[in-house]
Every structure is written in structure tokens, then in C-alpha cells.
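# Per-entry structural report
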Amino acid sequence: MTQAPKGALAGIRVLDISRILGGPYCGQILGDHGADVLKVEPPQGDDTRTWGPPFREGVASYYHGLNRNKRVQHLDFSTEEGRTALLALVTEADVLIENFKAGTMERWGIGYETLSQRFPRLVWCRVSGFGADGPLGALPGYDAAVQAMTGIMSINGEADGGPLRVGLPVVDMVTGLNAVIGVLLALQERQRSGRGQFVEAALYDSGLSLLHPHAANWFMDGTEPRRTGNAHPNIYPYDALATGTDPVFVAVGNDRQFASLCRCIGLPDLADDPLYRTAGARSVHRDGLKQQLEAAMAAFDGRALVEQLMAAGVPAAPVLPVDAALQHPHTLHREMVVEMPGGYRGIGAPVKLSRTPASYRHAPLTPGDAFLPLDDSMEQ
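The model shown is predicted, which means the values in this text are computed figures rather than measured ones.

### Thoughts on the layout of surface pockets
In this model, the largest pocket occupies a volume close to 1,500 Å³. Forming the walls of the largest pocket are 43 residues, and the residues nearest its centre are Gly-65, Arg-68, Gly-346, Ile-347 and Gly-348. Elements with a contribution of two residues or more to the lining of the largest pocket: α1 (22-32), β3 (55-56), α2 (61-64), α7 (170-193), α14 (322-326), β12 (337-340) and β13 (344-347). Its residues placed into classes, the lining of the largest pocket shows 28 nonpolar, 10 polar and five charged.

Structure follows, in C-alpha cells:
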């Protein structure tokens, strides 16, 4: 453990008994910002330990990406001994994170209704698939299935292709972020009331929450959203466009930016064309506009054009692969790659605080069977 500035959540004790992604991601974020996080796994470990390759010493990279700034132990809650040990930890915890199937902890006699009476200040955070009740209540939830059910796949992909899963677990990760928000809201309210509460972040709800602007469009005029590939459904040009070399992404959000784009690629009069003069007109006539833009951009080197456009105030970017993005100089400048002793590397905390920045104190798999003394945890 290395010394670091006191984090915003220093002194908060988090018991993370969740598995897979949403819950552990929530716990990692809280830990990055100073909370003392104890992760309790079943005897066989979190399932994601096996989700590879790649592996390091038998543990998958997937697990390493979600479980830093925690100390880990193993308990079997189906046994009386395991439940007794859990209760001893809950006695000292401010927050409990779990994602057990609905009814499981209740069957063991350690559900929210029971423990909240014994520990009224406890903030209990549940990550679930669909919530505990309703037509889909208590069903297990998986990221890709929820992407399918909430309409995300239906609007992702090329216009002439089929529905497509987003290429990362976006629903799981946003559910983890929503869980963090819920925990912080509950801790803030506890300052006034002195009482904890039940916080739930469901994958289904989180998936639906991601549907902007498609849901807003549908609410307004009832038109069924459709796939638009890389292009934005409401504004144009907001799309990946071909050049003489690599494609570039151009994100024009107003008339001034569009006029600057046209000047940069040698088509200054295009900005005055009635078909393209306004944002609404450009969106309606996007097919013809794309053809004219790409015909002109074929004379340009993509990387050089990006620099020219950015200098002119036009948001643009090269389309980079993951390895290039992680090694980009600005990624390093923003401290978005974390390195720790023992060879760990991971994505850094995206939220920057001026006085209480995130810190990286415990590499994944650091053992721990008890919370730190409060004086020590406050000085992490």
C-alpha cells in the first residue's frame, strides 16, 4: 500500500459482496476515491476470474479490470460460519453492495429487511437485472440480453444491416455508475436523517436510460428510430467520413462549424446551399451531403485533415484502434493509464477532483479480512 492524499470518500467503509461487473465496478470507483472496500467472494472466487484469456497467474484480465482498491477474502454465506463472519463485517460497514438473485439473501436470513433493522445507518446497494417485482421481476439480467430488450441493439449498426450489440458491456457499466450515484445520494441524505436506505440500480432501467435521443424523438413524433451506422440520427455531418487515407470522424454541431468545415475542404459555397444551410436541412439531405463531402475529402490525408479541422474549430478525430487510444499522449497526460507494483495496468479514474483526487492503493487480489482502523483508512 502506498501513501496518497486523503480521498473524498476516506472513512467510508464498503462491503462489496457482488460479482461479475456492475457491482464490482461500483465498488472499484468508490475505492478509487478513498473508501475502504472489502470484497467478499464465494470460496471459488468471482466468476470473472475465469473470463479469459488473457490470464495472469490463473486470474483473467477481466477480473483485474474491475477489482483494484479492494482487499479480498472468501466466505460461504450458505453456512452459519460464513453468515456470522458477514454480520461482523456489516456491523462496521457504511455501504453494502450485492447482486444476489432476488430472495437468496432473504432465504439465508440476511436480507435487507432483516439487516436494516439491526443496522439502520447501512446503505444497501443492490445491482439487479430487472428489479425484484413486476412482469420481469427477479429474472437474471445479462448485458447483451438487456441491450436487446431495451432497444439498444435495434438502433446500433449499419442502416442496411441487422441489430448489433454495442461492442462493450455498456449496460453493465452504466448500471455500475448509477449504483455509485445512488450510494452517494444515500450517503448525502444520511447526513441529514442519520438513516441508511435501500438503493437499487437495475440493468433494465439503465438500458432504457441510454436511449437518448432516440426515446426523445419517439416521444415527440412517434416515428420508429432506425439504425444510422456511425451517423447521428438528428444532426449532420456527425459521421465517420472517408478521406484519401484513413477515415475521420467529423462532429459538426452548428452552422458556424459547418461553414468552417466547407472552407477547410475547399467547398466554401456549400455552406450557402439552401439544402445544407441549416442543421435541420443538413440532417434531411444527409445522403447527398455525405457524397459531396467525401468527394472533396478524398484529396486529403486523414490525420492531417483532423489537425486542420481542429485548428479551425471543427470537432474531428481520427478513428483509432484501442491500443493507439491507450498509448495516445493525451491519455498519458490525463493520467488515464494506471500502473501499480506487480505489473498491474488499468484505466484511471475519469473524475478529477482538485483537493481529493483518486488514488490507487491496492492492486487486485490484495488480501484483507477486516476493515482498516478508521484513522488508517482516513489517511489512505
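Read on for the rest.
### Quick notes on the packing of aromatic side chains
Tallied over the full model, the rule gives nine aromatic pairs. Where Tyr-112 meets Phe-198, the ring centres are 5.1 Å apart and the plane angle is 55°; that geometry is what we call tilted. Note that Tyr-112 is positioned in helix α5 (residues 112-118) and Phe-198 in strand β8 (residues 198-202), a separation of 86 residues in sequence. With a centroid separation of 5.7 Å and an interplanar angle of 85°, the aromatic rings of Tyr-238 and Phe-249 are classed as edge-to-face. One end of the pair, Tyr-238, is in strand β9 (residues 238-241); the other, Phe-249, is in strand β10 (residues 248-251), and 11 residues separate them in sequence. Within the aromatic cluster, the residues linked to one another by ring pairs are Phe-77, Phe-100 and Trp-108. The ring of Phe-100 has Arg-19 sitting right over it, with the charged end atom 4.6 Å from the ring centre. In this arrangement the basic side chain of Arg-49 is found over the ring face of Tyr-63, its NZ or CZ atom lying 4.8 Å from the centre.

### Points about the pattern of salt bridges
The final tally for this structure, using the stated rule, is 12 salt bridges. Arg-49 is the partner of Glu-41 in a salt bridge, and the nearest nitrogen-oxygen pair spans 2.9 Å. Ionic contacts of the salt-bridge type, sharing partners, join the residues Glu-98, Glu-106 and Arg-126 into one network.

Conventions used here
Residues numbered from 1 in each chain as written. Predicted model: local features only at pLDDT ≥ 70, side-chain atom pairs only at ≥ 80, totals over all residues. Heavy atoms only, no water. 1 Å grid on protein atoms, 1.4 Å probe; cavity = no way out; pocket = protein on both sides within 12 Å on 5 of 7 lines; lining within 4 Å. Points joined across faces, edges and corners; volume = space filled by probe spheres on them. Helix = DSSP H or I, 4+ residues; strand = E, 2+ residues; numbered from the N terminus. Nonpolar A, V, L, I, M, F, W, Y, C, P; charged D, E, K, R; others polar. Phe/Tyr/Trp six-rings, centres within 6.5 Å; stacked < 30°, edge-to-face > 60°. Lys NZ or Arg CZ within 6 Å of the ring centre and 35° of its normal. Salt bridge = Lys/Arg side-chain N within 4 Å of Asp/Glu carboxyl O.

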